[in-house]
Amino acid sequence: MAFGLLRKELTHWKSEVSSGRIAFLTHYWMDERFPGCYTVTKVGCNDVEKLIAWGETYDLQPNWIHMDDNYPHFDLFGEKQKSILMSEQQWSHLRKFNL
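All values derive from a computational prediction rather than experimental measurement.

Undergrad: Can you help me understand the layout of surface pockets in this one?
TA: With a probe scaled to a water molecule rolled over the atoms, the places where space remains empty come into view. Put simply, the largest pocket is a space of about 230 Å³. As for the largest pocket, its lining consists of Glu9, His12, Trp13, Glu16, Ala23, Phe24, Leu25, Thr26, Ser92, His93, Lys96 and Phe97. Broken down by secondary-structure element, the contributors of at least two residues to the lining of the largest pocket are helix 1 (7-18), strand 2 (23-29) and helix 4 (91-96). Grouping the constituent residues of the lining of the largest pocket by class yields five nonpolar, four polar and three charged.

Undergrad: Where do I start with the pairing of strand 3 (residues 39-44) in this structure?
TA: Taken residue by residue, a regular strand's side chains alternate between the two faces of the sheet. In terms of burial, strand 3 is largely enclosed, as six of its six residues are buried. Burial of the side chains of strand 3 extends over both faces: Thr39, Thr41 and Val43 are buried on one face and Val40, Lys42 and Gly44 on the other. Across six bridges, strand 2 lies against strand 3 in antiparallel orientation. In the sheet register, tyrosine 28 faces strand 3, and the bridge partner there is threonine 39. Pairing between strand 3 and strand 4 (residues 73-76): four bridges, direction antiparallel. Bridge assignment links glycine 44 to a residue of strand 4, and that residue is histidine 73.

Calculation notes
- Residues numbered from 1 in each chain as written.
- Predicted model: local features only at pLDDT ≥ 70, side-chain atom pairs only at ≥ 80, totals over all residues.
- Heavy atoms only, no water.
- 1 Å grid on protein atoms, 1.4 Å probe; cavity = no way out; pocket = protein on both sides within 12 Å on 5 of 7 lines; lining within 4 Å.
- Points joined across faces, edges and corners; volume = space filled by probe spheres on them.
- Helix = DSSP H or I, 4+ residues; strand = E, 2+ residues; numbered from the N terminus.
- Nonpolar A, V, L, I, M, F, W, Y, C, P; charged D, E, K, R; others polar.
- Buried < 20%, exposed > 50% of the residue type's maximum accessible area, 1.4 Å probe, protein only.
- Pairing = 2+ DSSP bridges.

What follows is the structure, encoded as structure tokens:
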């Protein structure tokens, strides 16, 4: 279940993904399969080859991509999420969610 997300943030992310840019969207999240993880960052791009190449720089496997028809994306959480957000200088995500 997702929460802590503004409609304009989601709309902006979808626009960026649809335009072929690598886009980040972080929100609160609860999933009993991942205890201790309370946020997720979706990193999307509708150019799947570009998304795969981006993911390779962080040792993310192509088969980890959620192949949504319109918004293919990686789901990042835990230490990997924080590490990538720091590398990508996504300071607003880190601050807002106290990561």
